[in-house]
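So you can see what is in the structure, the chains are spelled out below.
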Amino acid sequence: MNMIGHFMTITRHRHEVIRHCKKAGILWQGLFHDLSKYTPSEFICGIRYYQGDRSPNDMERRAKGYSSAWMHHKGRNRHHFEYWTDYNPETGRYGPVKMPMRYVKEMFCDRLAASKIYQGDKYNESHPIEYFEKGRKNRLIHPETSDFLEKLLIMVRDEGEEATFDYIRKLEDY
């Protein structure tokens, strides 16, 4: 049951992200979104720690102290802000770097889809920003990337998805 449940959850999520990416004007990215979740490194852990109402990475972290599936995933998927860390020669430390707009757009689509999949019938347009705000103090993300993602999530809450996607489609990549 865990295998089928996990497969269905990640596939429903991926299809929702594809729909959102199409609305955002980045369909090509959507078609390649999260394909690493189907690789053995991520899929087997997903089955083992599947719960159905949240990411199996959380349970793997509780069981092992880290998530090997997440480590694999974030290192291969540029729409995760965790991918965007690098050594800063000025500070001598690793830290967040500003994400390119095309990946911020995909990250927005991903977060919106995850809220819909995990909230199910309880989803409303406030959920994505509420989830974002809940994790704020623990997030290591470039301030400009964070501020812009927050702006988009607030826009969904206040103006709705369609207005937000209209805005996103007009944004230039940098």
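In the block above lies the structure referred to throughout.
These numbers come from a predicted model, not from an experiment.

1. Some thoughts on the environment of glycine 52
- Mapped onto the elements of the fold, glycine 52 is located in the loop between helix H3 (40-48) and helix H4 (56-64).
- You can call glycine 52 partly exposed: its relative accessible area is 30%.
- Separated by 65 residues in the primary sequence, glycine 52 and isoleucine 117 place their C-alpha atoms 9.7 Å from one another.

2. Remarks on the environment of glutamate 16
- The residue glutamate 16 is located in helix H1 (residues 2-24) in this model.
- Glutamate 16 sits in the buried class, given a relative accessible area of 13%.
- Sequence separation of glutamate 16 and isoleucine 117 is 101 residues, and the distance between their C-alpha atoms is 8.3 Å.
- Beyond its immediate sequence surroundings of up to four residues, glutamate 16 is in contact with Ala113 and Lys116.

3. Thoughts on unusual backbone geometry
- The phi angle at aspartate 34 is positive, at roughly 55°, despite the residue not being glycine.
- Mapped onto the elements, aspartate 34 comes out in the loop between helix H2 (27-31) and H3.

4. Focus: helix H8 (residues 143-159)
- The end-to-end C-alpha distance of H8, which contains 17 residues, comes to 23 Å, matching closely the 24 Å that a straight helix rising 1.5 Å per residue would cover.
- Among all positions in H8, only Thr145, Ser146, Phe148, Leu149, Glu150, Leu152, Leu153, Met155 and Val156 are buried.
- Contact partners of the buried residues in H8: helix H6 (101-119), helix H7 (127-134) and helix H9 (161-169).
- Two residues or fewer after H8 comes glycine 160, characterised by a positive phi angle close to 95°.

5. Let's talk about the packing of aromatic side chains
- Going through the model one piece at a time under the given rule, you end up with 7 aromatic pairs.
- Relative to phenylalanine 165, the ring of phenylalanine 108 has its centre 5.7 Å away and its plane inclined at 70°; by these criteria the two rings are edge-to-face. Pair noted here: phenylalanine 108 is in helix H6 and phenylalanine 165 is in helix H9, with a separation of 57 residues, a long-range link.
- Look at phenylalanine 108 and you get buried, because its relative accessible area is 0%.
- Taking the centre distance of 6.5 Å and the plane angle of 35° together, the rings of phenylalanine 148 and tyrosine 167 count as tilted. Of this pair, phenylalanine 148 sits in helix H8 while tyrosine 167 is found in helix H9, placing the two residues 19 residues apart along the sequence.
- For tyrosine 167, a relative accessible area of 27% puts it in the partly exposed group.
- Each member of the aromatic cluster is reached from another via a ring pair, and the members are Tyr83, Trp84 and Tyr103.

Quick notes on the rules
- Residues numbered from 1 in each chain as written.
- Predicted model: local features only at pLDDT ≥ 70, side-chain atom pairs only at ≥ 80, totals over all residues.
- Heavy atoms only, no water.
- Helix = DSSP H or I, 4+ residues; strand = E, 2+ residues; numbered from the N terminus.
- Buried < 20%, exposed > 50% of the residue type's maximum accessible area, 1.4 Å probe, protein only.
- Contact = heavy atoms within 4.5 Å.
- Expected span 1.5 Å × (residues − 1).
- Phe/Tyr/Trp six-rings, centres within 6.5 Å; stacked < 30°, edge-to-face > 60°.

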